[in-house]
Amino acid sequence: MNTYRKTTMIVGILFIIGTVSGILSGVVTAPVISEATYPLNISASETRWILGTLFILIMGFPLAMIPVFLYPIFKKHNEALALGAVLFRGVLEAVCYIGMVISMFLLLTVSQLYEKTGAVGAANLQTLGATLIATVNWVNLILAVVFSVGALMIYTLFYQTRLIPRWLSGWGFV
């Protein structure tokens, strides 16, 4: 078990970074999203929006790296599931986070355009903003599926390898 100590430390640190960044993202962007003029008000809170969006990236990449670091351990027990975990919780999850971040940055651009043009293009910009919000929502739904499938693979691998107590991996299934 001591041979895995370095890997477990890295995975633990990545998990903490990802979790804290995800929470901070929600805390930072919540006041902007809750305003009545959202999404056209984003440019008024540009720094807050950029910071919250960057926290999503800071969350996504460490969380996507967890199965990559666990792969050498997991492949000894079930290579197919280990590859599946890397694909779903690594690659596809990272792609979803990137798509979400791109949409959020585009929302900022739409808000900046609204600020420059005013009421002239408000209807079109409101429609574009609503489309970008819908994109973020759809990516979140896809992310939930990708995360769930990948997490089930990881919990199965933890159950098989007994690297953590079986009750804990079983709790992951629940």
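Read on for a plain summary of the structure.

Cut-offs and rules
- Position numbers for residues start from 1 in each chain and track the written sequence from start to end.
- Selection of residues for local features in this predicted model requires a pLDDT of at least 70, selection of side-chain atom pairs for listing and counting requires 80 or more, and totals for whole chains, interfaces and linings are taken over all residues.
- Side-chain calculation: all heavy atoms of the structure are included, whereas hydrogens and water are not.
- Only protein atoms enter the 1 Å grid, on which a cavity is a set of points fitting a 1.4 Å probe that cannot get out and a pocket is an open set with protein on both sides within 12 Å along at least 5 of 7 lines, lining residues being those with an atom within 4 Å of a point.
- Grid points are joined across faces, edges and corners, and a volume is the space filled by probe spheres set on the points.
- Per the convention used, a helix needs a DSSP run of H or I reaching at least four residues, while a strand needs a run of E reaching at least two, with both numbered from the N terminus.
- Throughout this entry, Asp, Glu, Lys and Arg are counted as charged residues, while Ala, Val, Leu, Ile, Met, Phe, Trp, Tyr, Cys and Pro are counted as nonpolar. The remaining residues, Gly among them, count as polar.
- Take the residue count of a helix, subtract one, and multiply by 1.5 Å to get its expected span.
- Two axes enter the bend calculation: one fitted to the seven residues ending at the residue in question, the other to the seven starting there, and the bend is the angle between them.
- Note on classification: 1.4 Å probe, protein chains only; a residue is buried when its accessible area is under 20% of the maximum for its type, exposed when over 50%, partly exposed between these limits.
- The contact rule is simple, with two residues in contact once any of their heavy atoms fall within 4.5 Å.
- One side-chain nitrogen of Lys or Arg within 4 Å of one carboxyl oxygen of Asp or Glu is enough to make a salt bridge.
- The nonpolar core is taken to be a set of buried Ala, Val, Leu, Ile, Met, Phe, Trp, Tyr and Cys residues, with the residues joined through side-chain atoms within 4.5 Å.
- Here the axes come from fitting lines to C-alpha atoms, over the contacting stretch only for helices, and the angles between their N-to-C directions go from 0 to 180 degrees.
- Note on terminology: angles under 35 degrees are roughly parallel, angles over 145 are roughly antiparallel, angles of 65 to 115 are roughly perpendicular, and the others are oblique.
- The crossing is said to be left-handed when, going from far helix to near helix, the turn is anticlockwise and less than a right angle, and right-handed when the turn is clockwise.

### Digging into the layout of surface pockets
If a probe the size of a water molecule is rolled over the atoms, the empty space left behind becomes visible.
1) Next: Roughly 700 Å³ of volume is contained in the largest pocket.
2) Next: Elements represented by at least two residues in the lining of the largest pocket include exactly α1 (5-34), α2 (46-74), α4 (122-161) and α5 (166-173).
3) Next: The dominant element in the lining of the largest pocket, judged by the number of residues it contributes, is α1, at 8 residues.
4) Next: Class assignment of the residues belonging to the lining of the largest pocket gives a composition of 18 nonpolar, 8 polar and 2 charged.
5) Next: Of the pockets and cavities examined, the second largest pocket occupies roughly 260 Å³.
6) Next: The wall of the second largest pocket is formed by 17 residues, among which Ile56, Met100, Met104, Val136 and Asn140 lie closest to the centre.
7) Next: Broken down by element, the lining of the second largest pocket gets its largest block of residues, 5 residues, from α1.
8) Next: Here the residues of the lining of the second largest pocket sort into 11 nonpolar, 6 polar and no charged.

### A word on α1
1) Next: Between its first and last C-alpha atoms α1 spans 43 Å; for 30 residues at 1.5 Å apiece the expected length is 44 Å, and the two agree.
2) Next: Where α1 bends most, at Val28, the angle is about 30 degrees, and the proline Pro31 comes one to four residues later.
3) Next: Burial in α1 covers these residues: Thr7, Val11, Leu14, Gly18, Ser21, Ser25, Val28, Thr29 and Val32.
4) Next: In this structure, the buried residues of α1 make contact with α2 and α3 (79-117).

### Comments concerning the pattern of salt bridges
1) Next: In this structure the tally under the stated criterion is 1 salt bridge.
2) Next: For Arg89, the salt bridge identified is with Glu93, shortest N-O distance 2.6 Å. Here the residue Arg89 and the residue Glu93 both occupy positions in helix α3, the gap between them amounting to 4 residues, near one helical turn.
3) Next: A residue is classified by how much of its surface remains accessible, and Glu93, at 0% relative accessible area, is buried.

### Observations regarding the nonpolar core
1) Next: Within the largest apolar cluster, 36 residues are counted, with the highest numbers of intra-cluster contacts made by Ile42, Trp49, Ile56, Phe74, Tyr97, Met100 and Leu107.
2) Next: Counting only elements with at least two residues in this core, the list comes to α1, α2, α3 and α4.
3) Next: Those residues within four positions of Ile56 in sequence are excluded, and the remaining contacts are Ser25, Tyr97, Met100, Val101 and Met104.

### Considerations on α4
The α-helix advances 3.6 residues per turn, and as a result positions three or four apart in sequence lie on the same side.
1) Next: With 40 residues, α4 should reach 58 Å at 1.5 Å per residue; the first-to-last C-alpha distance of 57 Å fits that figure.
2) Next: Following α4 by one or two positions, Arg162 adopts a phi angle in the positive range, close to 60 degrees.

### Digging into the environment of Leu24
1) Next: Turning to its location among the elements, Leu24 is positioned in helix α1.
2) Next: What makes Leu24 partly exposed here is its relative accessible area of 34%.

### Describing the packing of α3 against α4
1) Next: Packing of α3 against α4 leaves a shortest axis separation of 8 Å and a crossing angle of 165 degrees. Regarding the angle of α3 to α4, the classification is roughly antiparallel. Seen along the crossing, α3 lies across α4 with a hand that is left-handed.
2) Next: Along the lines of polarity and charge, the residues of the contact of α3 with α4 split into 30 nonpolar, 9 polar and 2 charged.

### Brief notes about the environment of Ala130
1) Next: Of note, Ala130 is situated in helix α4.
2) Next: Residue Ala130 is classed as partly exposed on the basis of its relative accessible area of 42%.
3) Next: Separated by 92 residues in sequence, Ala130 and Tyr38 place their C-alpha atoms 9.4 Å apart.

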